[in-house]
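Coordinate inspection notes
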Amino acid sequence: MECVLSSSRFFQRLSSSASARRAAPFSPPSATAVARFRKPPKLSSTAAAAGGGSAVIRYVSSSTRSSPRDTKGFFAQTNSVSCKRVLVPIAYGTEEMEAVILVDVLRRAGAHVTVASVEPLLEVETSGGIKLVADTSIASCSVEIFDLIALPGGMPGSARLRDCEVLRNMTSEHAEGKRLYGAICAAPAITLLPWGLLRRKQCTGHPAFMHKLPTFWAVTSNIQVSGGLTTSRGPGTTFEFALSLVEQLFDESVSRTIRDLLLLDASADCKNEEVNEVDWSIDHIPRVLVPVANSSEVMQVVIVADILRRAKISVTIASVEKSLQILASHGTKLIADELIGKAAKLTYDLVILPGDGKALERLNKSRFLKKLLKEQESACRFYGAIFLSSPAPAPAPTPTPTPTPMQSRGLEKEKKATSCSSLVDKMKNKLVNGRGVVIDGNVITSSGLATATDFALAIVRKLYGAARARSIAEGLVCEYPRLERDY
């Protein structure tokens, strides 16, 4: 197979584009706008000390995020405006996509989100193997009052949430007080139903658990709002679930602003495209590397890792920093599986670069990653990137982040790619406009946060075929993004 692209050049273009976007001046929202928009170990409900370990994500309470970087492009918290307080409990076996997306979207909207563990320790292993570290134990916030309690699903996480008496009492009192509460995936049937919190409420849930819901009140909509209760179906509907909660906590304008920032509507209208098709099938379990750095976009990392692991792909999250702990986007701390120096000693079938301007700069400084990407190129293996969903249009001319041919190597073909909508006009003919995911030979690119799921499913399709990708999509409760050849 002919190698037609320099991966190191591709990586440098990504980083240079990110630098140009970050150099653009940022105008924070006015005070008036801010004022308007803000308004399995043995289960135990007691206490906890944080534990160590790998593949850990630590959530940092939004009240501790004081750096301008943490709120850039979003609604900053101010002392003069009261904050909406949200509780997201997690347990052993919680679905990580649902937990991370809920926390991230709500924090983007300006909510103060507390992630509480119902386990003896703050460190909690999720259903897909990623470990989350909560802000606190559920017992420590049992007397606090929240504006919203949102339960992620997953198994056995939903059952372990159900068995926590402290959480049950909190949620029951919360519902009796006519405050907002929500659940997704297995949580409506497994957690809320036994607590008696679905009485006379229309509700939905994951297709695998719909038979457990009261027949008369069960509906199959992706989002169902019934009084103060909001329910949803699965990982693939979590963005809509979170935005529905944002709208109820704040108002429709805040939800719309976050939706636009995530490019959800634009991504829904995009189709995927493949050109210069090559065979990605291999005769062993695929190995994928996802390098991360401080400021890496945590939703991209978790969505891609979760979906690929569902397909039985071996995924390694590697830190290019001096420690395993990564301060990722929006106050989330990620503990990688390995340091890049150790990870780079192995070979990978695919290397994926998650998008964020500052993080890409950090990735570009890693000599281990540069060497690894060079080896990917020489061996004609696969690599790709998810471009950042830019929070504001970049006013300055932006160097293209798309891969271009290396004339010195006699490579005359250009690689096609996609990018976020705010950069498309500046990329001229080197971008495929209106595409969520583009595959060109051995390179795959995606156009932002909202396309991370399609990006991961496209990788599954290339490695294992459309049937497995479709099966994964059904489990996520999302539409399978087919190419023409899949029909």
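Residues numbered from 1 in each chain as written. Predicted model: local features only at pLDDT ≥ 70, side-chain atom pairs only at ≥ 80, totals over all residues. Heavy atoms only, no water.

**Quick notes on the sheet that holds strand 16 (residues 338–339)**
Taking strand neighbours across the sheet as the criterion, the eight strands line up as 11-19-20-18-17-12-13-16 in an open arrangement whose pairing is mixed. Edge strands, defined here as strands with exactly one partner in the open sheet, are strand 11 (271–275) and strand 16. Relative to strand 13 (residues 314–319), strand 12 (residues 287–292) runs parallel, the two sharing six bridges. Paired with P291 across the strands is A318, a residue of strand 13. This element, helix 11 (residues 298–310), spans strand 12, strand 13, strand 17 (350–353) and strand 18 (382–386) of the sheet and lies at about 155° to strand 13. (Pairing = 2+ DSSP bridges. Helix = DSSP H or I, 4+ residues; strand = E, 2+ residues; numbered from the N terminus. Contact = heavy atoms within 4.5 Å. Axes fitted to C-alpha atoms, helices over the stretch in contact; angles between N-to-C directions.)

**Regarding unusual backbone geometry**
Excluding glycine, residues mostly carry a negative phi; peptide bonds, for their part, are mostly trans. The linkage connecting M155 with the following residue, P156, adopts the cis geometry, with an omega of 5°. Relative to the assigned elements, P156 resides in the loop between strand 7 (148–151) and helix 5 (157–162). Positioned with a positive phi, C185 is a non-glycine residue whose angle comes to about 70°. With respect to the element layout, C185 can be found in the loop between strand 8 (180–184) and helix 7 (187–192). Positive phi is not limited to glycine here, since K312 has a value of about 65°.

**Regarding the nonpolar core**
By size, the foremost hydrophobic cluster in this structure holds 81 residues, and its most contacted members are V105, L106, M299, I307, L308 and I352. For this core, the element with the most residues is helix 11, which contributes nine residues. Counting 31 residues, the second largest nonpolar core, distinct from the first, contains L161, Y181, A186 and I190. (Core = buried A, V, L, I, M, F, W, Y, C linked by side-chain atoms within 4.5 Å. Buried < 20%, exposed > 50% of the residue type's maximum accessible area, 1.4 Å probe, protein only.)

**Considering helix 6 (residues 165–176)**
Taking 1.5 Å of rise per residue, the twelve residues of helix 6 would be expected to cover 16 Å, and the 16 Å separating its terminal C-alpha atoms lies within 8% of that figure. Every buried residue of helix 6 is listed here: V166, L167, M170, T171, S172, H174 and A175. Looking at the buried side of helix 6, the elements it contacts are strand 2 (85–90), strand 7, helix 5, strand 8 and helix 7. Directly beyond the C-terminal end of helix 6, a positive phi value near 65° is found at K178. (Expected span 1.5 Å × (residues − 1).)

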